[in-house]
Amino acid sequence: DALAWRAYLMDSPTPNAFARPDGRLYFTRGLLAALNSEDELAFVVGHEMGHVVARHAMTRQVAAVIGRTARVAAVLAGVDDGDAAAIERLAFTAFSRSQELEADALGFSYAVQAGYDPAAAAGPHRTLLRFKRYRESIADEEPGSSMVDTHPPHPQRIVALNDLAKAHDPAAVQRPPKEDAAYLARLDGVGWGADRAAGYAQGREFLHPRLGLRFRVPAGYRLALGGRRVVENPTDGGLILFDAAPLPPGQSDPAAYLAGLWAENGGVTGVAQRRQAGWPAAEGEIRLELPHGESRGRAAAIVDPAGGRVFRFVCLPAGDNRHCDDTFGSLAAAGEADWRRRPAARLEIVDALPGEKIAALAARLGWIPQSETLLRALNGLDDAEEPTAGRKLKLIVAD
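Model, not experiment: these values are computed from the prediction.

*Asks:* Help me understand the pairing of strand β6 (residues 205-208), please; the structure alone is not making it clear to me.
*Replies:* As a general feature of sheets, a regular strand has side chains that alternate between the two faces. Residues Glu205 and Leu207 of β6 are buried on one face, and the alternating residues Phe206 and His208, pointing to the opposite face, are buried as well. Note that strand β5 (residues 200-202) and β6 share three bridges and pair antiparallel. Its bridge partner lying in β6, Tyr200 is registered against Leu207. Where β5 folds back onto β6 in an antiparallel hairpin, the turn is made up of two residues, including Gly203, whose phi is positive at roughly 65°. With four bridges connecting them, β6 and strand β7 (residues 213-216) associate as antiparallel partners. Looking at β7, one finds that Glu205 is bridged to Arg216. In this structure, the hairpin formed by β6 and β7 is closed by a connection of four residues, where Gly212 is found at a positive phi of approximately 70°.

Written out as structure tokens, the structure is:
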């Protein structure tokens, strides 16, 4: 069928890409920054197109995940496009190993037919494998937040793509990667990491400077940041939502607010009031009558009278309420010192100087853990490899 292909750039620092069955393709800013050439990007685009053409999103496995996504919209109404994109990111990365390999083969065919170099086909997987090792080297980093974790092993895919490249052009796998100065020039100045003003995840912790708060999710949960909502989604099928909403005029009682929010959908019982980080708060048991059946969990409302807003948690656990209570209880006020832990930064593309060492460049990035491992992943350099003079390098500089 003739699909109306549309591509979207998501303002997310996590290297990721996914596709909708209708031909919408999503690529993150973090993925574009991780790649090193237009050729590499072409094979990623082709891979996502392959998923659509092969109708992989119609499998029972993904349909089950989408069913859980519908649950999100039922819990809190008014999901906007930004929120939907974050939620869909969780749903459309659950393809099987065979489907990923099929999409690799289709993407290879599309990119080569379009004139891109088959020698670059395995490049994105080498880069993502380096990023996987970088993430594993960081203490407190949870798996599951990127395509590195949801896809088959990269070494297996590298071998399969090299076999395809060799069959198409026997000399392809022997050619070193070519430097794409035009592609790298377009990355110069691109933001690195999260936009602090909009809130960001640091390991399992979510921080928001404008709202002046932070909270932490349990081990096994992953944070997906939407336009107005944070979704914490573990592999066991539970769900935690967080958002902020305007406080209705004349209402400052968190218990009354909590009771009214779900009055028409099962109600709230066992409401307990307390203070959380100095703010008045209330939490209780909720029972939601959803199309697929009844769901039970916990909800919390934390009122910020000075800001005229209420912070809301909804937790539908797969088991007991321990994860709900841990998350609610971790909410705390945050100040300027918290934001200094993660300064805003951007990419800078420079020419390597004679004798320049990655370790020396990484030493300037004191706020980034395992900065040498990150710079090597970002520039496609192996552990003992140093850049040759004049080579284009991606550096990270704080604004």
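*Asks:* Just checking my understanding: could you explain unusual backbone geometry for this structure?
*Replies:* A positive phi angle, near 55°, is found at Ala277, a position not held by glycine. Looking at Ala277, the relative accessible area reads 39%, which means it is partly exposed. A positive phi is found at Gln370, a non-glycine position, where the angle reads about 50°. For Gln370, the position within the fold is in the loop between α13 (358-362) and α14 (371-379).

*Asks:* Help me understand the packing of helix α6 (residues 123-137) against α14 in this model?
*Replies:* Packed helices, taken two at a time, are described by their axes: the angle between them and the distance between them. Contact geometry for α6 and α14: axes closest at 8 Å, N-to-C directions at 170°. Taken together, the axes of α6 and α14 lie roughly antiparallel to each other. Note on element contacts: α14 touches α6 through Thr373, Leu374, Arg376, Ala377 and Leu378, opposite Thr127, Arg130, Phe131, Tyr134 and Ser137. By residue class, the composition of the contact of α6 with α14 is five nonpolar, three polar and two charged.

*Asks:* Before we go on, may I ask you to explain the packing of helix α2 (residues 38-53) against helix α5 (residues 97-113) in this structure?
*Replies:* Orientation of α2 relative to α5, taken along the N-to-C sense of each, is 120°, at an axis distance of 7 Å. Taken together, the axes of α2 and α5 are oblique relative to one another. In the packing of α2 onto α5, the handedness of the crossing is right-handed. In contact with Ala42, Phe43, Gly46, His47, Met49, Gly50, His51 and Val53 of α2, α5 contributes Gln99, Glu100, Ala103, Asp104, Leu106, Gly107, Phe108, Tyr110, Ala111 and Val112. Residues of the contact of α2 with α5, tallied by class, amount to 10 nonpolar, six polar and two charged.

*Asks:* Help me understand a nonpolar patch on the surface in this model?
*Replies:* A cluster of nonpolar side chains, namely Leu3, Trp5 and Val53, defines an oily patch on the protein surface of about 240 Å² accessible area. Relative to the helices and strands, Leu3 resides in the segment before β1 (6-10). A relative accessible area of 32% means that Leu3 is categorised as partly exposed.

*Asks:* I would appreciate a short explanation of α5 in the present structure.
*Replies:* The periodicity of an α-helix, 3.6 residues per turn, causes residues three or four positions apart to be oriented the same way. Taking 1.5 Å per residue as the helical rise, α5 with its 17 residues ought to reach 24 Å, and the 25 Å between its terminal C-alpha atoms agrees with that figure. Of the positions making up α5, those classed as buried are Gln99, Glu100, Ala103, Asp104, Gly107, Phe108, Ala111 and Val112. Following α5 by one or two positions, Gly115 has its phi on the positive side, about 100°.

*Asks:* Would you mind showing me how to read the sheet that holds strand β16 (residues 345-351) here?
*Replies:* Strands pair in a sheet through their backbones, by hydrogen bonds, and they do so in one of two ways: parallel or antiparallel. Spatial strand order, β4-β16-β17: three strands in an open sheet with antiparallel pairing. Either end of the sheet is taken by a strand with one partner, and the two such strands are β4 (191-192) and β17 (392-398). Of the strands in this sheet, β4, β16 and β17 touch α14, which is tilted by about 135° from β17.

*Asks:* In this structure, what is going on with the pairing of β16? I would like to understand it.
*Replies:* Note: β4 against β16, two bridges, orientation antiparallel. Counted as the bridge partner of Trp192 is Ala345 from β16. As defined by bridge partners, β16 adjoins β17 across seven bridges and the pair is classed as antiparallel. When the sheet's bridge partners are listed, Ala345 is paired in β17 with Ala398.

Analysis parameters
Residues numbered from 1 in each chain as written. Predicted model: local features only at pLDDT ≥ 70, side-chain atom pairs only at ≥ 80, totals over all residues. Heavy atoms only, no water. Buried < 20%, exposed > 50% of the residue type's maximum accessible area, 1.4 Å probe, protein only. Helix = DSSP H or I, 4+ residues; strand = E, 2+ residues; numbered from the N terminus. Pairing = 2+ DSSP bridges. Axes fitted to C-alpha atoms, helices over the stretch in contact; angles between N-to-C directions. Parallel < 35°, antiparallel > 145°, perpendicular 65-115°, else oblique. Contact = heavy atoms within 4.5 Å. Nonpolar A, V, L, I, M, F, W, Y, C, P; charged D, E, K, R; others polar. Left-handed = near helix turned anticlockwise from the far one by under 90°. Patch = residues over 30% accessible without salt bridge, like charges linked within 9 Å, V, L, I, M, F, W, Y side chains within 5 Å. Areas by Shrake-Rupley, 256 points an atom, 1.4 Å probe, with all protein chains shown as cover. Salt bridge = Lys/Arg side-chain N within 4 Å of Asp/Glu carboxyl O. Expected span 1.5 Å × (residues − 1).

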